[in-house]
Amino acid sequence: MAINWTDAQIEQVVNAVIKELGTEKRVEKDNYCSKFYEGRKLIGIYDDMNDAISAAEQGYKAIRSMRVEEREKIITEIRELCRKEATIMAGLGVSETKMGNVAHKTAKHVLVADKTPGTQDIVSQVKTGDYGLTLTEMAPFGVVGSITPSTNPSETVICNSIGMIAAGNGVVFNPHPNAIATSNYAVDLVNRACKKAGGPEVLVASVVKPTLDTAQTMYKHPSIRLLVCTGGPGVVKSVLSSGKKAIGAGAGNPPVVVDETADVVKAGKDIIDGCTFDNNLPCIAEKEVFAVNSIADELIRSMLNSGAYKITLEQAEELSKMVLVDTKNPKTGIIKKTVSRDCVGRDAKVLLSKIGVKAPESVRCIICETDFEHPFVQHELMMPILPIVRCKNVDEAIDLAVKAEHGNRHTAHMHSKNIDNLTRFARAVETTIFVKNAPSYAGIGFGGEGHTTFTIAGPTGEGLTSARSFTRYRRCVMSDNFRII
Ligand code: NAD
C-alpha cells in the first residue's frame, strides 16, 4: 500500500536517517535542506525566482504602510533571533561549506546583530532659505535583489536584511550555490522575526536552488529596482553589466605593512589574530605582509609565539600546487590559476597535512618568507596562509603593498607609530578600509569603533554599506513658505 507522506514528513525521516550517518551529509544532500530545517518548512523559500520576487514585493507593499518604529521592532526581533541562533547558523555554515570555524562564525553573527545600523541610519535633511523650505528624504527602492557569497553566507543575508528593511525595502536573495541551506535558514529567521513583530508573513525571499539563471531572472525582473552583489570579480562584473542601479562589493587582497617603528610583538599577534579569523574567509583579512628587514625576524618570532607555523620556500612551492589549480575558462579556453575550493577556509593543520606536515594542535596559521612575485602574495587565497616579504625600507614596503592590492581599493593594514608613514600608505593605497595597529576585523567594528557590514562596496563607492546605501533620495520643495524666521 502506498503511503502518502507530506514533504515535511519525508524530510523528518531523511533527517533522522542522516543524523545516524553523520551531520555533514544532511546539508550535502540537495534541495530539501534548503526548504526545510529539521522538519520545519522554511518561510520565504520558493521553487521559482519569479514567485520569490512577487512575495518580496507583497512584503514591501505591506511595510510601506507601517510606521518607522514598527519597522524598527522587526529589526529588534531579527537582532534577538540572530543572537539566539548564532551558533546554529555558524554550525550549519561550517558543515555545509566545509569552510571556517564555528566559534568565529558565531562571533560574526553576534557582531551583525549588535552593530548593523537600523532605522537610525535613515535621516532626512532640510534646507531653508529666502525661497522657502526643501526637504530631502531617503526613500526605499522597493524590492532589492541581493547576491550573497559562500564565505559569510548567513551573516550577509542577515546584515543585508537589517539594512534593507530599515530602509523600507523587501529583499529577494540569490544565495551562493554552495551555501544554500545556511543562507535560506537566515532568510527564514528574518521572516520569523518579521512575523513575530507584527510584520508581513514574507518580507525577504529566496529560492530552493539558486543558479546563474535565477540570478539572470532577478537582474531582468521589472520589480527589482536595486541589485546588491557581494562576491568575487565575476559576479560583481555581471551585476554591474545588468543595466540596473547596482552596488558591487567585490574581491580584495589586503596587504599589511610593518615598519621599524611598530610595536613589533603586538603587530605579530594582531596579524595572526586577524589572518586566522574564520580561517581567513573575511574579505578584509590580512593576506600578505611586507615587513621592513630590520624588524622582520622579531615579527616572525612574535607570529610563531602566536600560533604560526613557518614552512620553507620548497614546502611553499609544494603547498602552492595544492591550493592553486589550473582552471580553463570555458568561453576563451585560457588557463588561469584559481584557488582550490577544497582549500579555501580550511584549518591550517588540514592544509599542512596536504604536504605531509603534522602540526601541533596550537597551530592556526601557516607563514612563509617569499618574494613579491610568489602566487601566495598575488592571489586572494582566503585560507590561513600568510606570505611575508622582506623589504629594505618602508618606501619599498608601501610600493609593493600597493601593487599586491591590485587596485581593488578594498582593505589595507599597517603597523607603525610613524604618522607620516601611516598617512603615506593610506594615501597611496586608496582602500575603502585602512586599519592601523590592530587586527583586520577592527575595520568592521569588531574591537574597533564604527558600524559593521559584510558588504563592503569599494567598486561602486558606498563603502561600508548600511541602511542609507539602500535608499534613493527624494526632494520635496515648498516655495516661499514654511521658513519660520
Ligand atoms: P563567488 O564570487 O564565488 O560567488 C558569489 C555569488 O555569485 C554566488 O551566489 C555565485 O553563485 C554567484 N555568481 C558567480 N558568478 C556569477 C555570475 N556570472 N552571474 C550571477 N551570479 C554569479 O563568491 P565567494 O567565493 O562565495 O566569495 C568570495 C569572494 O567574494 C572573494 O573574492 C571575496 O573577497 C569576495 N567578498 C567580498 C566582500 C565585500 O564585502 N567586498 C564580502 C565577502 C566576500
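Everything numeric here is computed off the predicted structure, so don't read it as measured data. (Residues numbered from 1 in each chain as written. Predicted model: local features only at pLDDT ≥ 70, side-chain atom pairs only at ≥ 80, totals over all residues. Heavy atoms only, no water.)

**Side note on the overall build of the protein**
Item 1. Tallying secondary structure elements over the protein gives 18 helices and 22 strands in all.
Item 2. Taking 2.2 N^0.38 as the reference for a compact globule, 485 residues should give roughly 23 Å; the C-alpha atoms of the protein span a radius of gyration of 24 Å, in line with that estimate.
Item 3. The burial tally for the protein puts 55% of its 485 residues in the buried class.
Item 4. Across the protein, every contact between residues at least 6 apart in sequence was considered, and the portion connecting residues at least 24 apart equals 72%.
Item 5. Summed over its atoms, the accessible surface of the protein is roughly 21,200 Å², and 52% of this surface lies on carbon and sulfur atoms.
Item 6. Charge-centre separation for the protein: the mean point of 58 positive side chains lies 4 Å from the mean point of 56 negative side chains. (Helix = DSSP H or I, 4+ residues; strand = E, 2+ residues; numbered from the N terminus. Rg over C-alpha atoms; globule rule 2.2 N^0.38 Å. Buried < 20%, exposed > 50% of the residue type's maximum accessible area, 1.4 Å probe, protein only. Contact = heavy atoms within 4.5 Å. Areas by Shrake-Rupley, 256 points an atom, 1.4 Å probe, with all protein chains shown as cover. Lys, Arg positive; Asp, Glu negative; His and termini not counted. Charge placed at Lys NZ, Arg CZ, Asp CG, Glu CD.)

**What about the nonpolar core?**
Item 1. Membership of the largest hydrophobic core comes to 52 residues, with the highest contact counts inside it found for I74, I78 and I158.
Item 2. A domain split of this core shows at least three residues from each of domain 1 (7–250 + 464–472) and domain 2 (255–450).
Item 3. When sequence neighbours within four positions are dropped, the list of residues in contact with I78 reads I158, I162, I165, L189, V190 and A193.
Item 4. In terms of nonpolar packing, the next biggest core, distinct from the first, is built from 38 residues, I367, I388, I398 and V429 among them. (Core = buried A, V, L, I, M, F, W, Y, C linked by side-chain atoms within 4.5 Å. Domains from an automatic or database assignment.)

**Brief notes about the site of the ligand**
Item 1. With respect to spatial proximity, 30 residues lie near the ligand, and among them S150, G232, R341, E380 and I456 are the closest.
Item 2. In this structure, S238 approaches the ligand through a side-chain N or O atom, which is 3.2 Å from a nitrogen atom.
Item 3. Contact between the ligand and F454: an oxygen atom at 3.5 Å from a main-chain N or O atom of the residue.
Item 4. Considering the ligand on its own, with 850 Å² of exposed area, one finds that the protein chains cover 88% of that surface.
Item 5. Elements with a minimum of two residues in the shell around the ligand: α10 (212–220) and α11 (233–240).
Item 6. Examining the composition of the shell around the ligand, we find that 3 residues originate from one element, α10, more than from any other.
Item 7. Of the residues in the shell around the ligand, the class split is 14 nonpolar, 14 polar and 2 charged.
Item 8. No fewer than three residues from each of domain 1 (7–250 + 464–472) and domain 2 (255–450) sit in the shell around the ligand. (Near = heavy atom within 4 Å. Polar contact = N/O pair within 3.5 Å; in protein donor to acceptor, adjacent residues only side chain to side chain. Nonpolar A, V, L, I, M, F, W, Y, C, P; charged D, E, K, R; others polar.)

**Brief notes about the sheet that holds strand β5 (residues 132–140)**
Item 1. Within the open sheet, the 3 strands sit side by side as β4-β5-β22. Their pairing is antiparallel. Looking along the sheet, the strands with just one partner apiece sit at the ends: β4 (125–129) and β22 (471–479). The mean angle between the axes of side-by-side strands here comes to 15°, regardless of whether they run parallel or antiparallel.
Item 2. In this sheet, β5 lies alongside β4 in antiparallel orientation, the contact comprising 5 bridges. Residue pairing for β5: T128 is matched across the bridge by L133. (Pairing = 2+ DSSP bridges. Axes fitted to C-alpha atoms, helices over the stretch in contact; angles between N-to-C directions.)

**Considerations on the domain arrangement of the protein**
Item 1. Each domain of the protein was delimited in the assignment, giving domain 1 (7–250 + 464–472) and domain 2 (255–450).
Item 2. The distance between the C-alpha centroids of domain 1 and domain 2 comes to 30 Å.
Item 3. In this complex, domain 1 contributes 17 residues to the contact, which on the side of domain 2 involves 20 residues.
Item 4. Taking both sides of the interface into account, the surface hidden between domain 1 and domain 2 amounts to around 1,400 Å²; carbon and sulfur atoms contribute 58%.
Item 5. Here domain 1 and domain 2 share 2 salt bridges between them.
Item 6. The interface formed by domain 1 and domain 2 contains 10 residue pairs in polar contact (both at pLDDT 80 or more).
Item 7. Of the residues forming the side of domain 1 that touches domain 2, the biggest block, 6 residues, is contributed by helix α7 (residues 102–115).
Item 8. Classifying every residue of the side of domain 1 that touches domain 2 gives 4 nonpolar, 9 polar and 4 charged. (Buried area = accessible area lost by both parts, 1.4 Å probe. Salt bridge = Lys/Arg side-chain N within 4 Å of Asp/Glu carboxyl O.)

**Describing unusual backbone geometry**
Item 1. The backbone of E430 sits at a positive phi, close to 55°, despite the residue not being glycine.
Item 2. Along the polypeptide, E430 turns up in the loop between α18 (419–429) and β19 (433–436).
Item 3. In this structure E430 comes out as partly exposed when scored by relative accessible area, which is 48%.
Item 4. Phi is positive for F482, which is not a glycine, with a value near 70°.
Item 5. By secondary structure assignment, the location of F482 is in the segment after β22.
Item 6. Among the residues examined, F482 registers a relative accessible area of 59% and is labelled exposed.

**Describing the environment of D278**
Item 1. Looking at the secondary structure, you find D278 in the loop between α12 (264–276) and β12 (288–292).
Item 2. Linking D278 and A103, residues 175 residues apart in sequence, is a C-alpha distance of 8.2 Å.
Item 3. Every residue in contact with D278, bar those within four places of it in the chain, is listed here: G100, N101, H104, K105, K108 and T151.
Item 4. A distance of 2.5 Å separates the side chain of D278 from the side chain of K108, its partner in a polar contact.

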